[in-house]
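Chain by chain, the residues:
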Amino acid sequence: MKKILILTILILLGITAVSAHGVDVTADTMVIANDTNGQFVKDLADANGINISVYKFTSQDEVEHILEHSVNNTNKRILLVAYQDSGNEFLKNHPDMSNRIIVVNDVNNDSVVQGLNNIINAQTQPTQSGSNFGLPLAMGIVIGLIIGLGVGVLIMKKRS
């Protein structure tokens, strides 16, 4: 019985934890800004009656991570008024997303308002909810069968 308990604990410790790194908690329609222009863009959006979330990013890696989320989330629309190099590089690799990711290279009143209006009016594609349910279910069943068979073999060996 102690062997089974130890084996179970080892198996549970060996299972890697699911990281929240891959979870996108930002709004579907958003502005990527920095400390320099974030408040300017938010004030400009409010003055024009545009309700949009403005996120101040501090690194290029964070921006690239959010841009990668937009590949799978077809409702994601992003206006970049900072980290334009990351946005332009991303659009080179994903030209089909140019209607949902807009880069404002010259940040001024007119270009930002035009970008805000374009991103608000950008067409999105409906997502297929539940389309990824089968894979985690199948993986859970396989892992459960493997662990269950292993424990069952140990119990049968101990009885005989």
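These lines cover the structure that appears in this document, whether it is placed above or below.

## Considering the packing of helix α3 (residues 60–72) against helix α4 (residues 84–93)
Two measures define how a pair of helices packs: the angle their axes make with one another and the distance between the axes. For the pair α3 and α4, interaxial distance at closest approach is 9 Å and the crossing angle is 35°. Two packed elements cross with a definite hand, and for α3 against α4 that hand is right-handed. Taking contact as the criterion, the partners of Gln60, Val63, Glu64, Leu67, Glu68, Ser70 and Val71 in α3 are, on α4, Ser86, Gly87 and Phe90. Of the residues in the contact of α3 with α4, the class split is four nonpolar, four polar and two charged.

## So, the pairing of strand β3 (residues 77–80)
Burial along β3 is two-sided: Arg77 and Leu79 and Ile78 and Leu80, pointing in opposite directions, are all buried. In this structure, β3 lies alongside strand β4 (residues 101–103), joined through three bridges in parallel fashion. Bridging from a neighbouring strand, leucine 79 pairs with isoleucine 102 of β4. This β-α-β element, β3 to α4 to β4, shows right-handed connectivity.

## Some thoughts on the environment of glutamate 62
Mapped onto the elements of the fold, glutamate 62 is located in helix α3. Among the polar contacts made by the side chain of glutamate 62, one reaches the main-chain amide nitrogen of threonine 58 at a distance of 3.1 Å.

## So, the sheet that holds β4
Judged by pairing direction, the sheet is parallel, and its four strands sit side by side in the order β2-β1-β3-β4 without closing on themselves. Of all the strands in the sheet, just β2 (53–56) and β4 have a single pairing partner and so form its edges. The mean angle between the axes of side-by-side strands here comes to 20°, regardless of whether they run parallel or antiparallel. Strands β1 (29–33) and β2 of the sheet are contacted by helix α2 (residues 38–47), whose axis makes an angle of about 175° with β2. Against the sheet, α3 makes contact with β1, β3 and β4, and its axis sits at roughly 150° relative to β3, the strand it touches most.

What counts and what doesn't
Residues numbered from 1 in each chain as written. Predicted model: local features only at pLDDT ≥ 70, side-chain atom pairs only at ≥ 80, totals over all residues. Heavy atoms only, no water. Axes fitted to C-alpha atoms, helices over the stretch in contact; angles between N-to-C directions. Helix = DSSP H or I, 4+ residues; strand = E, 2+ residues; numbered from the N terminus. Left-handed = near helix turned anticlockwise from the far one by under 90°. Contact = heavy atoms within 4.5 Å. Nonpolar A, V, L, I, M, F, W, Y, C, P; charged D, E, K, R; others polar. Buried < 20%, exposed > 50% of the residue type's maximum accessible area, 1.4 Å probe, protein only. Pairing = 2+ DSSP bridges. Right-handed = clockwise from strand over helix to strand, strands pointing away. Polar contact = N/O pair within 3.5 Å; in protein donor to acceptor, adjacent residues only side chain to side chain.

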